[in-house]
Amino acid sequence: MVPTPPPGAAGASPGASGRAGPAASARFGQYPPARRTIVHVSDTHLLAGNAPLGGRYDTEANLAETLSAVEALGIRPDAILFTGDLADLGEPDAYRRLRAAVEPVAERLGAPVIWVAGNHDERPALREGMLDLPPTQEPVTGVWDLGGLRLIALDTTVPGWHHGDLDEAQLQWLRDELSTPAPLGTLLALHHPPLPSHIPLFDILELRDQGRLAEAIAGTDVRGILAGHLHYSTSGTFAGVPVNVAAATCYTMNLARPGSSVNGMDAGQSFHLVHVYDDTITHSVVPVVDAPTGDYFSPAWVERMSRLTPEARLEEFSRKPPRTV
Ligand SMILES: [Fe+2]
Ligand SMILES: [Fe+2]
């Protein structure tokens, strides 16, 4: 099962990816612009009728704030990725609401949406509600060609359980897909991250038997693994591959506590801006917050800098004035 992105959506922007406007295309440093840009969102946990999650969280309002923040970036991303727990209880109305919230934004940005299954999702309802596929228990997997960057969505969910696993059939499918390299390499997207957590509850709900995934990606062109599930942003490496976990739109874990007392809070929501360069990939955490922000830097400032020689730019912006102490 391979969901097909909209024609022409992937990699539609020539040259620098995710950029907008002449000022944004300025290059002042040693790195060429990112080849591809992905917006990585996770754990929306919507409920039918927008019932408050846990009696406390307005998941639809929080998602709307995140989507507004995504649009405010002023970019045309190559994809918008949601790494699972799309619905909290797998209800058809929750999936309807998610599509209604996300698809108009994706259309305006000209970006395909990639839906990954999480432990709170139900495969049949997700397949029918989000992908217009028959409502079966088949894993929700897919392959996208984002202008030469391959993104493979895996389904780490186990029907009837909250922990994660990958069965042999899915691992064999992954091995087959990876047997041919992609021009810009491959990203894996899945829900349960192959990383440890310092929070005890997540050890119970971890991705089990991770050694088999390590074997499947060994020696392949996999450049990164993008995940969710933890409701806090973190990163590490797995089998030598960088792993990045985006937090959540619904609520996040308050990490300012001892691990055994960590609980959810209606604050700290964020998403990741993933920039894929030739030799590296950066995952920038974008806070979804309404805070007073300066206005010193602007397109006009970038334009002015772009008119200077590299030496003059250093003088203008890097040179420190003489110190008196
Ligand atoms: Fe979640
Ligand atoms: Fe989860």
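It should be noted that the structure appears before, not after, this text.
Below: a short report on this structure. Owing to the predicted nature of the structure, the values given are computational and were not obtained by experimental measurement.

**Observations regarding the overall build of the chain**
So, point 1. A count of helical and extended segments in the chain gives 8 helices and 13 strands.
So, point 2. Over its C-alpha atoms the chain spans a radius of gyration of 21 Å, differing by no more than 12% from the 20 Å that the globule rule assigns to 325 residues.
So, point 3. By its C-alpha atoms, the chain is 65 × 45 × 40 Å across when sized along the principal axes.
So, point 4. Out of the 325 residues in the chain, the part that is buried amounts to 47%.
So, point 5. Long-range pairs, those at least 24 residues apart, make up 68% of the contacts in the chain with a sequence separation of at least 6.
So, point 6. Counting only carbon and sulfur atoms, one obtains 54% of the accessible surface of the chain, whose full area is about 15,500 Å².
So, point 7. Of the side chains in the chain, 24 bear a positive and 38 a negative charge, and the two mean positions are spaced by 9 Å.

**Things to note about helix H2 (residues 92-109)**
So, point 1. With 18 residues, H2 extends 26 Å between its outermost C-alpha atoms, agreeing within 8% with the 26 Å of an ideal straight helix rising 1.5 Å per residue.
So, point 2. At Val-102, H2 shows its strongest bend, of approximately 25 degrees, with the proline Pro-104 following within four residues.
So, point 3. Residues Ala-94, Tyr-95, Leu-98, Arg-99, Val-102, Val-105, Ala-106 and Leu-109 constitute the buried set of H2.
So, point 4. On its buried face, H2 sits against helix H1 (59-72), strand S2 (79-83), strand S3 (113-116) and helix H3 (123-131).
So, point 5. Positive backbone phi, at 65 degrees, marks Gly-110, one or two positions downstream of H2.

**Observations concerning the packing of aromatic side chains**
Aromatic rings considered in pairs are described by the distance between their centres and by the relative angle of their planes.
So, point 1. Scanning the entire structure with this criterion turns up 8 aromatic pairs.
So, point 2. Relative to Tyr-251, the ring of Tyr-57 lies with its centre 4.8 Å away and its plane at 20 degrees, an arrangement referred to as stacked. Of this pair, Tyr-57 sits in the loop between strand S1 (36-41) and H1 while Tyr-251 sits in the loop between strand S9 (241-245) and strand S10 (252-253); the two residues are 194 residues apart in sequence, bridging distant segments of the chain. When sorted by exposure, Tyr-57 lands in the same class as Tyr-251, which is buried.
So, point 3. Every member of this aromatic cluster is reached through a ring pair, and the members are Tyr-296, Phe-297, Trp-301 and Phe-317.

**Description of the sheet that holds strand S13 (residues 281-287)**
So, point 1. One open sheet accounts for 5 strands, arranged S3-S2-S1-S12-S13; its pairing is mixed. Here the strands that pair on one side only, and so sit at the sheet edges, are S3 and S13. Averaged over all adjacent pairs, the angle separating strand axes in this sheet is 20 degrees, with direction ignored.
So, point 2. In terms of strand pairing, strand S12 (residues 270-276) meets S13 through 7 bridges, oriented antiparallel. Among the inter-strand pairings, Leu-273 is bridged to a residue of S13, identified as Ser-284.

**Things to note about the coordination of the iron ion (ligand 2)**
So, point 1. Protein coordination of the iron ion (ligand 2) is provided by Asp-85 (OD), Asn-119 (OD1), His-191 (NE2) and His-229 (ND1), with donor distances spanning 2.1 to 2.3 Å.
So, point 2. Around the iron ion (ligand 2), the 4 donor atoms sit at angles spanning 85 to 163 degrees, and that spread fits a shape best called irregular.
So, point 3. One chain supplies every donor for the iron ion (ligand 2), spaced along it as D-x33-N-x71-H-x37-H.
So, point 4. Here the iron ion (ligand 2) and the iron ion (ligand 1) are spaced 3.5 Å apart, with Asp-85 acting as a shared donor. Here His-191 lies in the loop between strand S6 (186-189) and helix H5 (200-204) and Asp-85 lies in the loop between S2 and H2, a separation of 106 residues in the sequence. His-191 carries the same exposure label as Asp-85, and that label is buried.

**Notes on the nonpolar core**
So, point 1. If you look at the biggest cluster of nonpolar residues, it comprises 34 residues, and the most contacted ones within it are Leu-154, Leu-174, Leu-188, Leu-213, Ile-217 and Ile-225.
So, point 2. Counting only elements with at least two residues in this core, the list comes to helix H4 (168-178), helix H6 (211-217), strand S7 (222-227) and S9.
So, point 3. If you tally residues by element for this core, the top one is H6, at 4 residues.
So, point 4. Apart from residues lying up to four places away in sequence, Leu-154 is in contact with Val-116, Val-140, Thr-141, Leu-166, Gln-170, Trp-173, Leu-174, Leu-188, Ala-189, Leu-190 and Leu-213.
So, point 5. Formed by 31 residues, the second largest nonpolar core is a distinct cluster that contains Leu-46, Val-102, Ala-111 and Trp-115.

Rules used in this analysis
- Residues numbered from 1 in each chain as written.
- Chains lettered and ligands numbered in written order.
- Predicted model: local features only at pLDDT ≥ 70, side-chain atom pairs only at ≥ 80, totals over all residues.
- Heavy atoms only, no water.
- Helix = DSSP H or I, 4+ residues; strand = E, 2+ residues; numbered from the N terminus.
- Rg over C-alpha atoms; globule rule 2.2 N^0.38 Å.
- Buried < 20%, exposed > 50% of the residue type's maximum accessible area, 1.4 Å probe, protein only.
- Contact = heavy atoms within 4.5 Å.
- Areas by Shrake-Rupley, 256 points an atom, 1.4 Å probe, with all protein chains shown as cover.
- Lys, Arg positive; Asp, Glu negative; His and termini not counted.
- Charge placed at Lys NZ, Arg CZ, Asp CG, Glu CD.
- Expected span 1.5 Å × (residues − 1).
- Bend = angle between axes of the 7 residues up to and from the residue.
- Phe/Tyr/Trp six-rings, centres within 6.5 Å; stacked < 30°, edge-to-face > 60°.
- Pairing = 2+ DSSP bridges.
- Axes fitted to C-alpha atoms, helices over the stretch in contact; angles between N-to-C directions.
- Donors = N, O, S within 2.8 Å, 3.2 Å for Na, K, Ca; no water.
- Tetrahedral: all angles 85-135°; square planar, octahedral: opposite > 155°, others 65-115°.
- Core = buried A, V, L, I, M, F, W, Y, C linked by side-chain atoms within 4.5 Å.

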